[in-house]
Amino acid sequence: MLGYGKKQELPVIVLRDADGIADAVRAALENAPEDERPGLERAAAIIAEAATASDDDLRARWVRRHLTAAGVDGPADSVAAIKALRAAEPGLTLGWAVRLALAAKSAETATPGEPPQQARGA
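Rules and cut-offs
Residues numbered from 1 in each chain as written. Predicted model: local features only at pLDDT ≥ 70, side-chain atom pairs only at ≥ 80, totals over all residues. Heavy atoms only, no water. Helix = DSSP H or I, 4+ residues; strand = E, 2+ residues; numbered from the N terminus. Contact = heavy atoms within 4.5 Å. Areas by Shrake-Rupley, 256 points an atom, 1.4 Å probe, with all protein chains shown as cover. Polar contact = N/O pair within 3.5 Å; in protein donor to acceptor, adjacent residues only side chain to side chain. Phe/Tyr/Trp six-rings, centres within 6.5 Å; stacked < 30°, edge-to-face > 60°. Lys NZ or Arg CZ within 6 Å of the ring centre and 35° of its normal. Buried < 20%, exposed > 50% of the residue type's maximum accessible area, 1.4 Å probe, protein only. Salt bridge = Lys/Arg side-chain N within 4 Å of Asp/Glu carboxyl O. Axes fitted to C-alpha atoms, helices over the stretch in contact; angles between N-to-C directions. Parallel < 35°, antiparallel > 145°, perpendicular 65-115°, else oblique. Nonpolar A, V, L, I, M, F, W, Y, C, P; charged D, E, K, R; others polar.

Draft legend 1. Highlighting the overall build of the protein chain. Along the backbone of the protein chain there are five helices and zero strands. Of the regular secondary structure in the protein chain, the N- to C-terminal order runs α-α-α-α-α. Relative to all contacts within the protein chain whose residues are 6 or more apart in sequence, the contacts with residues 24 or more apart total 43%. As presented, the protein chain carries roughly 8400 Å² of accessible surface, and 55% of it is formed by carbon and sulfur atoms.

Laid out in structure tokens, this is it:
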């Protein structure tokens, strides 16, 4: 079988647009009147912080956002959570939904500054 036994990446593409947003805020900051500068400086700091999030963190946020929208507040790897993820993304296979859920759970339980553990089977 093609690809059998090979480790495959999660099929969720992480898009990062923080650089473009940061450039736009910096450009606005260059010509901003004095009364707008504090807000733009704070926005620039928030964007810089968001840009440091790992792909795993972004996937975990995606999972949690979909679970919250579906009203699932239990563990990310529960049966209800897996069903909610698959309902949110109909093309998501059971295997990938489980991997995403496990990665999200791992990211949620990771100690700050410590990389999350790899999800089983990923």
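And the narrative resumes.
Draft legend 2. Structural detail: the side chain of His66. Here His66 shows up in helix 3 (residues 55-69). Here Trp62 takes part through its backbone oxygen, which lies 2.9 Å from a polar atom of the side chain of His66. With sequence-adjacent residues up to four places away left out, His66 is seen in contact with Leu85, Ala88 and Glu89.

Draft legend 3. Region of the structure containing the packing of aromatic side chains. Under the defined criterion, the tally for this structure stands at zero aromatic pairs. The lysine or arginine in question, Arg99, covers the ring of Trp96, its NZ or CZ lying 4.5 Å from the ring centre.

Draft legend 4. How the structure looks around the environment of Ala104. By the secondary structure assignment, Ala104 is in helix 5 (residues 94-109). Classification of Ala104 by relative accessible area gives buried; the value is 1%. Between the alpha carbons of Ala104 and Leu58 there is a distance of 9.1 Å; along the sequence they are 46 residues apart. Apart from residues lying up to four places away in sequence, Ala104 is in contact with Ala60, Val63 and Ala76.

Draft legend 5. Highlighting the pattern of salt bridges. The final tally for this structure, using the stated rule, is four salt bridges. Glu41 is the salt-bridge partner of Arg37, the closest N and O atoms lying 4.0 Å from each other. In this pair, Arg37 and Glu41 both sit in helix 2 (residues 37-51), four residues apart, roughly one turn of the helix. The partly exposed category is assigned to Arg37, whose relative accessible area is 23%. The partly exposed category is assigned to Glu41, whose relative accessible area is 41%. Residues Arg59 and Asp56 are paired through a salt bridge, measuring 3.4 Å at the closest nitrogen-oxygen approach. Of this pair, Arg59 and Asp56 both sit in helix 3, separated by three residues, roughly a single helical turn. Take Arg59: its relative accessible area is 12%, and that puts it in the buried class. Given the relative accessible area of 31%, Asp56 is considered partly exposed.

Draft legend 6. Local environment of the packing of helix 3 against helix 5. Relative orientation of the contacting elements helix 3 and helix 5 amounts to 110°, with a least axis distance of 8 Å. When the axis of helix 3 is compared with that of helix 5, the two are roughly perpendicular. Taking contact as the criterion, the partners of Asp56, Asp57, Arg59, Ala60, Trp62, Val63 and Arg64 in helix 3 are, on helix 5, Leu100, Ala104, Ala107 and Glu108. Split into classes, the residues belonging to the contact of helix 3 with helix 5 amount to six nonpolar, no polar and five charged.

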